[in-house]
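One letter stands for each residue in the lines below.
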Amino acid sequence: MKELPRGEFRYRLFCRVFAVGAFFHLALPDARHLEWLIPNLLLGGGALVLLVRAPDTGWLRSIAWGGCAAGTLIPLVALGDQLTQSVILALHALAMLARAEAAIRQTTLAVYGVAAFHKLNADFLDPAVSCASAGMELLADNWSLPFLAPDVLANVWPPLFLCTEAAVALLLWRRPAIGVLLALAMHIPLTIVFAPAFAWVMIPGWVYFFRSEELERAAARIRWRRVVLGGSVPAAISMALYFRDHWVPYPFWQLNEFLLWIFLAACISVVAGERTLLRSRGAWIEESSWRARVFPAVIALVALTPYLGLQFHHAGAMLSNLRIDQGCWNHLLMPEALRLQDPYLRIDAIELADLEAREEAIERLWTPRQLREALDEWCEVGAVPMRLEGRRLSNACGETFDSPRGLFQTNLQRTCPQRCIH
């Protein structure tokens, strides 16, 4: 395999931005489990090496990327990690181990594409329940700007967000510089209301949409004092709007937002000084190996799994309103006949002393693992036999059924449509 040229600017930049994304990822509550300590150390240690040294040859390079790959794959495979961003980090690390650079941009493009595809469903386009509407309501509350989410604009947000996400994928393919600017305009409000680390996991992939010489010229044009000042202004306005009606600070979230405003200012500065970037196809003119094409194929296959009923998480379907359970299937293009199994269990009847708990148990969908845990709790207090999915369990307390963690949503109601859920 051909090694990367020593000291290549694009590779070194990718290493460092990947490390930043990994650190933001590790700061999420999802990663704060004692059983995740070893994989977290592997990911954090590998990211630290990439940040400080960015090794492009030799054993240190393999150890750094191998640690990042293992640190993301172990939680995905064995510890119930449900995040799509973990899949992205893992694939990027594996691509670097395979020296398949083109896979970075192809995988990143595929993630945006499948995320938009999942949103082609009736519930996302319904302003009454859409995650787009819910997001704008949260943003309006965060900034104390109620005019962002009045009823008169409710019909605008779902198609606008869907078109924006699809346009990001298209532009990153045809005009990467414009695609990056649009992606940042989309990620900043998403970061404020929903996803405090997702942008920083996607940003490393943007590096490989450009040729190394383009990135070097862009870096040389940045005047950091002007950039910091330019990014600080909208960041300060955003903070001021927030603190008009809110008094609880969120340092991690707000630092994240501040840095994204700085990054946006840097990108605008670069494009303003190097306008040929607006017409450039960037790294798409470079050749791609067969190894690189394997990685977006993995994204496409994983994106198919919700429709097969094999899993829901990891597929880029977050905040999509997608439902794949019987009676609530809502995708406009994918037929329900694709589903191999309905992975959720339903309680048709149950006797519990707590009437509120009984009602909640009947109204929700259950994953096998969730139901097993609930049964164990109810059986301890003397629950009687119950029916699940039309079949009667003569001894529910002794029934054995379970499923791996982190595959399916755990907060679905049997009725639909349902207001936006992650």
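Residues numbered from 1 in each chain as written. Predicted model: local features only at pLDDT ≥ 70, side-chain atom pairs only at ≥ 80, totals over all residues. Heavy atoms only, no water.

Student: Whenever I open this one, helix α4 (residues 84-97) confuses me. Can you help?
Tutor: Helical geometry note: an α-helix holds 3.6 residues per turn, so side chains three or four residues apart project in the same direction. With 14 residues, α4 ought to run about 20 Å at 1.5 Å a step, and its terminal C-alpha atoms sit 20 Å apart, in line with that. Counting buried positions over the 14 residues of α4 gives twelve, a clear majority of the element. On its buried face, α4 sits against α1 (9-26), α3 (58-78), α5 (102-118), α9 (198-207) and α13 (290-308). Once α4 ends, the next one or two residues include arginine 99, with phi positive near 55°. (Helix = DSSP H or I, 4+ residues; strand = E, 2+ residues; numbered from the N terminus. Expected span 1.5 Å × (residues − 1). Buried < 20%, exposed > 50% of the residue type's maximum accessible area, 1.4 Å probe, protein only. Contact = heavy atoms within 4.5 Å.)

Student: Looking at this model, I keep getting lost on the packing of α1 against α3. Mind explaining?
Tutor: Helix-helix packing: each pair is described by the crossing angle between the helix axes and the interaxial distance. Following both chains from N to C, one finds α1 and α3 inclined at 40°, their axes separated by 13 Å at the closest point. The handedness of the crossing between α1 and α3 comes out as left-handed. Across the interface between the two elements, Tyr11, Phe14, Cys15 and Phe18 of α1 pack against Arg61, Trp65 and Cys68 of α3. Classifying every residue of the contact of α1 with α3 gives six nonpolar, no polar and one charged. (Axes fitted to C-alpha atoms, helices over the stretch in contact; angles between N-to-C directions. Left-handed = near helix turned anticlockwise from the far one by under 90°. Nonpolar A, V, L, I, M, F, W, Y, C, P; charged D, E, K, R; others polar.)

Student: How should I be thinking about the environment of isoleucine 38 in this particular structure?
Tutor: Assignment of secondary structure puts isoleucine 38 in helix α2 (residues 37-52). For the pair formed by isoleucine 38 and arginine 175, sequence separation is 137 residues and the distance between their alpha carbons is 41 Å.

Student: Help me understand helix α8 (residues 176-193) in this model?
Tutor: Look at α8: 26 Å from first C-alpha to last across 18 residues, which is about the 26 Å you get at 1.5 Å a residue. Of all 18 residues in α8, 13 are buried, a share of seventy percent or more.

Student: So what exactly am I meant to see when it comes to the nonpolar core here?
Tutor: Generally speaking, nonpolar side chains in soluble globular proteins are found buried as a group. The biggest cluster of nonpolar side chains holds 98 residues, and the ones touching the most others in it are Phe14, Phe18, Trp65, Tyr112 and Trp206. Among the nonpolar cores identified, the runner-up in size contains twelve residues, and Ala317, Leu322, Tyr344 and Leu412 belong to it. (Core = buried A, V, L, I, M, F, W, Y, C linked by side-chain atoms within 4.5 Å.)

Student: Would you take a moment to explain the pattern of salt bridges for this structure?
Tutor: Side-chain pairs of opposite charge can arise where the charged atoms are in close proximity. For the structure shown, the criterion picks out 14 salt bridges. A salt bridge links lysine 119 to glutamate 165, with the shortest nitrogen-to-oxygen separation between them at 2.8 Å. Here glutamate 165 lies in helix α7 (residues 157-174) and lysine 119 lies in the loop between α5 and α6 (131-143), a separation of 46 residues in the sequence. Classification of lysine 119 as buried rests on a relative accessible area of 3%. Connected via shared salt-bridge partners are Arg10, Glu101, Arg105 and Glu286. (Salt bridge = Lys/Arg side-chain N within 4 Å of Asp/Glu carboxyl O.)

Student: I would appreciate a short explanation of the environment of cysteine 131 in the present structure.
Tutor: Secondary-structure assignment places cysteine 131 in helix α6. Put simply, cysteine 131 and phenylalanine 161 are 30 residues apart on the chain and 9.6 Å apart in space, counted from C-alpha to C-alpha.

Student: Hey, could you run me through the packing of aromatic side chains in this one?
Tutor: Where two aromatic rings form a pair, the distance of their centres and the angle of their planes describe that pair. Counted according to the given criterion, the structure contains 14 aromatic pairs. Between phenylalanine 14 and phenylalanine 18, the ring centres sit 5.9 Å apart and the planes meet at 40°, which makes this aromatic pair tilted. You can see phenylalanine 14 and its partner phenylalanine 18 sitting in helix α1, four residues apart, about one turn around the helix. Residue classification places phenylalanine 14 among the buried positions, given a relative accessible area of 0%. Looking at phenylalanine 18, the relative accessible area reads 0%, which means it is buried. Centre to centre, the rings of phenylalanine 124 and phenylalanine 161 are 6.4 Å apart; their planes meet at 55°, and the pair counts as tilted. Residue phenylalanine 124 is found in the loop between α5 and α6, and its partner phenylalanine 161 is found in helix α7; the two are separated by 37 residues along the sequence. Put simply, the rings of Phe24, Trp200, Trp206, Phe252 and Phe263 pair up and form one aromatic cluster. Just above the ring of tryptophan 284 sits the side chain of arginine 105; from NZ or CZ to the centre is 5.4 Å. For lysine 119, the ring lying beneath its charged end belongs to phenylalanine 124, and the centroid distance is 6.0 Å. (Phe/Tyr/Trp six-rings, centres within 6.5 Å; stacked < 30°, edge-to-face > 60°. Lys NZ or Arg CZ within 6 Å of the ring centre and 35° of its normal.)

Student: Whenever I open this one, the state of the cysteines confuses me. Can you help?
Tutor: In protein structure, a disulfide is the covalent linkage between the sulfur atoms of two cysteines. Scanning the entire structure with this criterion turns up two disulfides. Each sulfur of the disulfide joining cysteine 131 and cysteine 420 lies 2.1 Å from the other. Linking cysteine 131 and cysteine 420, the disulfide has an S-S dihedral of approximately 95° and is accordingly described as right-handed. Note that cysteine 131 is positioned in helix α6 and cysteine 420 in the segment after β3 (391-392), a separation of 289 residues in sequence. Note on accessibility: cysteine 131 and cysteine 420 belong to one class, buried. With its sulfur 2.1 Å from that of its partner, cysteine 328 forms a disulfide with cysteine 416. When the S-S torsion is -95°, as for the bridge of cysteine 328 with cysteine 416, the disulfide is left-handed. (Disulfide = S-S within 2.5 Å.)

Everything listed here is a matter of geometry and, on its own, says nothing about what the molecule does.
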